[in-house]
2 protein chains.
Amino acid sequence: MINKLIEKIQKTNAPIVVGLDPMLNYVPEHIQKKAYAEYGETLEGAAEAIWQFNKGIVDATYDLIPAVKPQIAMYEQFGIPGLMAFKKTVDYCKEKGLVIIGDVKRGDIGSTSAAYAVGHLGKVQVGSNSYAGFDEDFATVNPYLGSDGVKPFIEVCKKENKGLFILVKTSNPSSGEFQDRIIDGRPLYEWVGEKVAEWGEEHMGNGYSYIGAVVGATYPEMGKVLRKIMPKTFILVPGYGAQGGKGADLVHFFNEDGLGAIVNSSRGIIAAYKQAQYASFGEENYADASRQAVIDMVADISGALNNR
Amino acid sequence: MINKLIEKIQKTNAPIVVGLDPMLNYVPEHIQKKAYAEYGETLEGAAEAIWQFNKGIVDATYDLIPAVKPQIAMYEQFGIPGLMAFKKTVDYCKEKGLVIIGDVKRGDIGSTSAAYAVGHLGKVQVGSNSYAGFDEDFATVNPYLGSDGVKPFIEVCKKENKGLFILVKTSNPSSGEFQDRIIDGRPLYEWVGEKVAEWGEEHMGNGYSYIGAVVGATYPEMGKVLRKIMPKTFILVPGYGAQGGKGADLVHFFNEDGLGAIVNSSRGIIAAYKQAQYASFGEENYADASRQAVIDMVADISGALNNR
């Protein structure tokens with residue numbers, strides 16, 4: 001799957017991923033109205049609204065991008081109907097040929113991590129049949145529990161040719177509270193990064209490992225160091241755009257081959273029509289605004305990579 | 001909700017929680033057969049089997065215990081039907097008057113943590129209506145992202161009178177890989193414990209905070225230290241029984257008032273009938289075996305507390 005992701009990045013010339021993290025207040029009124037007319041102002045209505053919203057964005061952008069990253073929390077907040085919209089979104093993006101990074105940030109003790117891995121990346125056995133629960137291509141994983149919380153995910157990835165992005169240095173303002181604390185002269189995130197590189201050796205693709213890392217765009221200097229600590233690790237870089245990261249900050253997340261990183265933007269793409277820059281598209285044409293925001297993001301990042 | 005939990009612990013005289021973490025291979029054959037006869041060997045069939053299994057255990061133990069802790073991964077592995085069984089279990093346990101600790105170990109950047117908090121502990125707004133997605137009483141939370149990943153959960157807890165248990169020192173063998181690393185002379189888990197105590201001051205109940213901690217039974221010496229660092233923090237203690245913890249190891253997780261901790265057992269209770277000690281109950285009477293295992297666990301812990 002890391003090979004497929006790299007192929008798609010090369011084909012689209014776009015080392016980016018669109019974060020499908022729909023909030024109801026991003027969804028244009030005409031979509032909400034239609035969904036509520038059919039299902040009422042219910043969880044089912046909300047789920048239908050975010051699904052139709054997603055579908056519009058995917059239809060308008062899938063030819064330009066290699067991957068999407070749905071954030072499951074934004075669906076889980078609507079309970080079961082929300083999770084059905086998550087699954088529908090994953091299935092639809094797969095039909096469109098996109099790589100799906102399930103941003104689930106799961107992680108637990110061994111037997112429990114195994115269950116999460118099976119549910120999101122693998123197949124569960126029921127009698128003589130087996131079924132995929134959510135069937136993403138990659139999942140994000142929290143490393144706080146250490147190796148035995150991560151390895152069950154890696155086992156399922158090996159079996160299914162799937163991959164992970166493990167949290168190393170997150171994009172949020174307080175990520176340093178624990179992640180930056182100094183241990184034997186080096187911050188915790190470097191120790192986690194080293195472990196990710198080590199885990200990654202267990203499941204290598206062509207050049208890059210199936211086991212990637214998450215490093216926030218908001219910390220470019222740390223990205224530079226982590227790039228060297230984890231040379232064969234693909235880095236998922238959240239925090240571009242709305243969270244503050246810019247193309248020029250991101251060049252050091254990439255290797256000299258122009259690969260090694262994939263930059264996520266969520267709000268900046270899916271709610272582009274709400275920004276002054278794209279307001280002329282109008283709410284009705286929110287998906288066209290998203291398409292233009294993708295084009296601009298790719299230009300920003302490619303420009304920065306070409307100028308380095 | 002922490003007050004309700006403490007009241008229920010005092011009323012039942014049982015500082016324990018039953019982990020409803022059903023694996024299909026724990027579910028007696030007669031339950032599986034019946035579920036598959038109705039739904040086939042499908043995700044729906046598996047979900048029906050684990051729900052019926054849970055219901056039997058809850059019916060046989062609810063008068064003896066204050067709380068249950070369903071581990072959502074064990075449901076999530078069966079996709080949407082599994083999560084429907086999770087919700088059914090939460091709702092049923094609530095009907096029975098039990099406190100529900102949703103073992104979800106969520107945690108993300110601020111806006112995403114807010115969505116998880118709403119989904120599991122709060123209510124989401126849809127037009128002019130609001131709905132609870134899963135509606136547990138407590139949720140477990142991963143602290144790796146720092147304060148701004150935790151505070152949105154605390155905000156929802158304040159609004160809804162609900163609580164958290166934040167991972168401090170987990171019960172698994174490799175938990176020390178990052179959690180035990182020394183920072184300024186003290187292990188990371190102590191720094192996290194201090195933060196949990198600080199966060200807890202924001203949302204106090206009568207004597208104890210709504211914001212609790214998770215500390216594994218498998219590390220009793222660390223529990224002793226953490227008990228002192230977080231005097232007003234209720235500690236959820238996993239790892240009793242199947243994972244190796246014993247009653248005598250657990251006394252230092254409790255304060256002198258006999259409160260301050262709640263010990264979880266999952267496999268040891270719900271799959272008791274598979275142990276030599278309870279085999280005489282027979283598979284058909286698995287729930288009676290669970291009831292006896294609860295009685296024995298309470299006696300083990302109470303005995304240890306009385307003898308200290």
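Quick caveat: nothing in here was measured; it's all calculated off a predicted structure.

### Section: the sheet that holds strand 10 (residues 211-215) of chain A
All names here are of chain A.
Inference 1: Spatially, the eight strands close up into a barrel ordered 1-2-3-6-7-10-11-12, and their pairing is parallel.
Inference 2: Pairing analysis gives three bridges linking strand 1 (residues 16-18) to strand 12 (residues 261-265), with the strands arranged parallel. Opposite Val 18, over in strand 12, you have Ser 265 as the bridge partner.
Inference 3: Of the strands in this sheet, strand 7 (163-169) and strand 10 touch helix 9 (residues 188-200), which is tilted by about 165° from strand 7.

### Notes on the relation of the copies chain A and chain B
Inference 1: Overlay of chain A on chain B (RMSD 0.0 Å): rotation 180°, translation along the axis 0.0 Å. The transformation relating the two chain copies, once decomposed into turn and shift, fits a two-fold axis. When C-alpha distances to the rotation axis are compared across chain A, the minimum falls at A:Ile183, with a value of 2.7 Å.
Inference 2: A shared binding surface is used by both copies, with 100% of the interface residues of chain A retained as interface residues in chain B.

### Quick word on the interface of chain A and chain B
Inference 1: Residue-level contacts link 72 residues of chain A with 72 residues of chain B.
Inference 2: Roughly 5800 Å² of surface becomes buried between chain A and chain B when both sides are summed, with 61% attributable to carbon and sulfur atoms.
Inference 3: Here chain A is connected to chain B by six salt bridges.
Inference 4: For B:Arg106, the salt bridge identified is with A:Glu76, shortest N-O distance 3.0 Å.
Inference 5: Between chain A and chain B we count 36 residue pairs in polar contact (both at pLDDT 80 or more) in total.
Inference 6: Looking at the side of chain A that touches chain B element by element, the count peaks at seven residues for helix 6 (residues 110-120) of chain A.
Inference 7: For the side of chain A that touches chain B, a count of residues per class yields 35 nonpolar, 25 polar and twelve charged.

### Overview of the pattern of salt bridges
Inference 1: Applying the stated criterion to the full structure yields 42 salt bridges over all chains.
Inference 2: Salt bridges sharing common partners tie together A:Lys69, A:Asp103, A:Lys105 and B:Asp108.

What counts, and where the lines are drawn
Residues numbered from 1 in each chain as written. Chains lettered and ligands numbered in written order. Predicted model: local features only at pLDDT ≥ 70, side-chain atom pairs only at ≥ 80, totals over all residues. Heavy atoms only, no water. Pairing = 2+ DSSP bridges. Helix = DSSP H or I, 4+ residues; strand = E, 2+ residues; numbered from the N terminus. Contact = heavy atoms within 4.5 Å. Axes fitted to C-alpha atoms, helices over the stretch in contact; angles between N-to-C directions. Least-squares fit on C-alpha atoms with pLDDT ≥ 70 in both. Buried area = accessible area lost by both parts, 1.4 Å probe. Salt bridge = Lys/Arg side-chain N within 4 Å of Asp/Glu carboxyl O. Polar contact = N/O pair within 3.5 Å; in protein donor to acceptor, adjacent residues only side chain to side chain. Nonpolar A, V, L, I, M, F, W, Y, C, P; charged D, E, K, R; others polar.

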